[in-house]
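If you want the building blocks of each chain, they are given just below.
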Amino acid sequence: MRFKRYKHYIYRYKGVAITDQYFEVEQSFFIWPRADRGYYWDEQARPGGLFAERTELTPMPPYLLETPETTEFYYTKVMEKEPALFTKLADTPLTKEGILAFANAYGKLTRGEAVLTPRYSYPKGQKDEKPWKHGVLGLREGEGGRTYGEVFGESLGFWRREIRDMRCTLKLWGWLVNQNMVALERVIHWSKDGHGVNYVLTDWEMLPEAKAADDIMDQLKATQTPFSAGLLASKDHHGEIFARFKPGDVLLPARYLVQSRINKKLQEHLVRPRLLMNERNQLEPYFYPESLLAALWYQFFRVATGKNQLRRCSVCGLWADVTEKRKNWSRHKECANRERVRRSRAKNSGHKLATRAP
Ligand SMILES: [Zn+2]
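Before going into details, it helps to say that this report is about the structure given with it. Keep in mind that what you see is a predicted model, and the values were worked out from it rather than measured.

The next subject is the overall build of the protein. Secondary structure assignment for the protein yields 12 helices and 18 strands. Going through the 358 residues of the protein one by one, you find that 28% of them count as buried. Pairs at least 24 apart in sequence give 65% of the contacts found in the protein among residues at least 6 apart.

In structure tokens form, the structure reads like this:
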């Protein structure tokens, strides 16, 4: 295998297939590939391999795939370069364009939701001129004796679910940090008899001002807004946690909800402990996420435990990792510069504006 070190953070690997061997060679940090020619939504791709027959479990099209022009992958050290990337996923619009922009910048979320045969194919016997430049998992005979390449893809539904899950949990966490009681009281609901606590997580921007639990559920169903809801804790369900809640309190239940959401995701998307050897030949602990999605929830995990600190930039409003920054950090350096330029321009053109304004 040929590996080429490229700049400081980006690695190139000619030949496309991502193997664990690669990680053994690099033996350092979590890196994640993104296709050099970007991604596209394939509306006609067919789930193949394990998913050859359409079942209820088959994800629905469209699917996000590397473009056939893909010649190689760039590798990014996500945990170091973008320690707050999970906030960008949370802010990603649920549109095809929004998701595509994220994928073009950072790659897919996992190693693939399903094995797919993309829409492009070649006639039998034309082995030399494949309509794709990237590697494939295998070849598949399709309609009219044409040959299709099998690749891993992710459905639009999968992306939307994952963005929503991240967004809901991050919003909840933000309300908790800011002690936003109005927002938290819409999420956490004590049962009338006080014997249990329920939760509702959804995109609250879609909802008019509903406060009572019954109203919220009615409006969610009426507007067909996706949500997740259920029993958070009661005497019989996580009783040891329930015993810690004070009747009517929403703060501790909300914290427990954040905890259980992150735990659930890290159960689905694994982060494994691993030993690495440093330059002085000493063994060091390292945590190795199995996918970008696992890395993003691991970032959230670190923030929730205080290992990493986040703050919203006062200019652009985006989250920034301020763990290594000074205590009173309030804005990105670039944002502060832009703001200064804008102010001085406004000041200099103030005279003209004043004469133009009625
Ligand atoms: Zn900013």
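Turning next to the packing of helix 9 (residues 251–268) against helix 10 (residues 292–304). Taken N-terminus to C-terminus, the directions of helix 9 and helix 10 make an angle of 150°; their axes are 10 Å apart at the nearest point. The angle between helix 9 and helix 10 falls in the class roughly antiparallel. The element helix 9 and its partner helix 10 pack so that their crossing is left-handed. Where helix 9 approaches helix 10, its residues Val258, Ile262, Lys265 and Leu266 are matched on the opposing element by Trp297, Tyr298, Phe300, Phe301 and Ala304. Residues of the contact of helix 9 with helix 10, tallied by class, amount to 8 nonpolar, no polar and 1 charged.

Turning our eyes to something else, we now look at helix 5 (residues 156–177). One turn of the α-helix equals 3.6 residues, which is why residues spaced by three or four share an orientation. An ideal rise of 1.5 Å per residue puts 32 Å on 22 residues; helix 5 measures up with 31 Å between its terminal C-alpha atoms. Among the residues making up helix 5, those that are buried are Phe158, Trp159, Glu162, Ile163, Met166, Cys168, Thr169, Leu170, Leu172, Trp173, Trp175 and Leu176. Note on helix 5: the residue one or two positions beyond its end, Gln179, has a positive phi of about 50°.

Next up on the list: the packing of helix 5 against helix 9. At their nearest, the axes of helix 5 and helix 9 sit 10 Å apart, and the two run at 150° to each other. Every pair of crossing elements has a handedness; the one defined by helix 5 and helix 9 is left-handed. When helix 5 is examined against helix 9, the residues Thr169, Leu172, Trp173 and Leu176 are found in contact with a partner set consisting of Leu251, Ala254, Arg255, Leu257, Val258, Arg261 and Ile262. Split into classes, the residues belonging to the contact of helix 5 with helix 9 amount to 8 nonpolar, 1 polar and 2 charged.

Below, the discussion takes up the sheet that holds strand 13 (residues 196–202). The 3 strands are arranged 12-13-14 in an open sheet whose pairing can be described as antiparallel. Two strands bound the open sheet, and with one partner strand each, they are strand 12 (188–190) and strand 14 (227–234). Within this sheet the neighbouring strands show an average axis-to-axis angle of 25°, counted without direction. Examined bridge by bridge, strand 12 and strand 13 share 3 bridges and lie antiparallel to one another. Bridge pairing in strand 13 links Trp190 to Val197. Contacting strand 12, strand 13 and strand 14, helix 9 crosses the sheet at an angle of about 115° to strand 14.

Counting through the fold element by element, Tyr286 comes out in strand 16 (residues 283–289). Residue class for Tyr286 comes out partly exposed when judged on the 15 C-beta atoms lying within 10 Å of it. Residues Tyr286 and Arg272 lie 14 residues apart in sequence; the distance between their C-alpha atoms is 8.3 Å. Not counting residues within four places of it along the chain, the set of residues in contact with Tyr286 comprises Arg274 and Leu276.

Working note: non-glycine residues mostly have negative phi, and peptide bonds are mostly trans. Looking along the chain, the bond that leaves Pro61 and enters Pro62 is cis, with omega of 0°. Within the element layout of this structure, Pro62 appears in the loop between strand 5 (46–47) and strand 6 (63–66). The phi dihedral of Gln224 is positive, around 55°, even though this residue is not glycine. Among the secondary structure elements, Gln224 is positioned in the loop between helix 7 (213–223) and strand 14. With phi around 55°, His238 is a residue other than glycine that occupies positive phi space.

Turning our eyes to something else, we now look at the pairing of strand 13. Successive side chains on a regular strand alternate, one facing one side of the sheet and the next facing the other. A loop of 5 residues connects strand 12 with strand 13, the two strands running antiparallel in sequence, and Gly194 in this loop sits at a positive phi of about 75°. With 7 bridges connecting them, strand 13 and strand 14 associate as antiparallel partners. Bridging from a neighbouring strand, Val197 pairs with Ala233 of strand 14.

With respect to the element layout, Pro33 can be found in strand 3 (residues 32–35). Pro33 gets classed as buried once you count the C-beta atoms within 10 Å, which come to 22. As for Pro33 and Gly107, which are separated by 74 residues in sequence, their C-alpha atoms are 6.0 Å apart.

All right, on to the nonpolar core then. With 63 residues, the main nonpolar core has Phe86, Leu172 and Leu296 as its most contacted residues. The dominant element in this core, judged by the number of residues it contributes, is helix 5, at 10 residues. Each of domain 1 (3–154) and domain 2 (179–268) accounts for three or more of the residues forming this core. Excluding residues within four positions of it along the chain, Phe86 makes contact with Met166, Leu296, Trp297, Gln299 and Phe300.

How each quantity is defined
Residues numbered from 1 in each chain as written. Predicted model: local features only at pLDDT ≥ 70, side-chain atom pairs only at ≥ 80, totals over all residues. Helix = DSSP H or I, 4+ residues; strand = E, 2+ residues; numbered from the N terminus. Buried ≥ 20, exposed ≤ 12 C-beta atoms within 10 Å, placed from the backbone. Contact = placed C-beta atoms within 7 Å. Axes fitted to C-alpha atoms, helices over the stretch in contact; angles between N-to-C directions. Parallel < 35°, antiparallel > 145°, perpendicular 65-115°, else oblique. Left-handed = near helix turned anticlockwise from the far one by under 90°. Nonpolar A, V, L, I, M, F, W, Y, C, P; charged D, E, K, R; others polar. Expected span 1.5 Å × (residues − 1). Pairing = 2+ DSSP bridges. Core = buried A, V, L, I, M, F, W, Y, C linked by C-beta atoms within 7 Å. Domains from an automatic or database assignment.

All quantities given are derived from atomic positions and should not be read as evidence of function.
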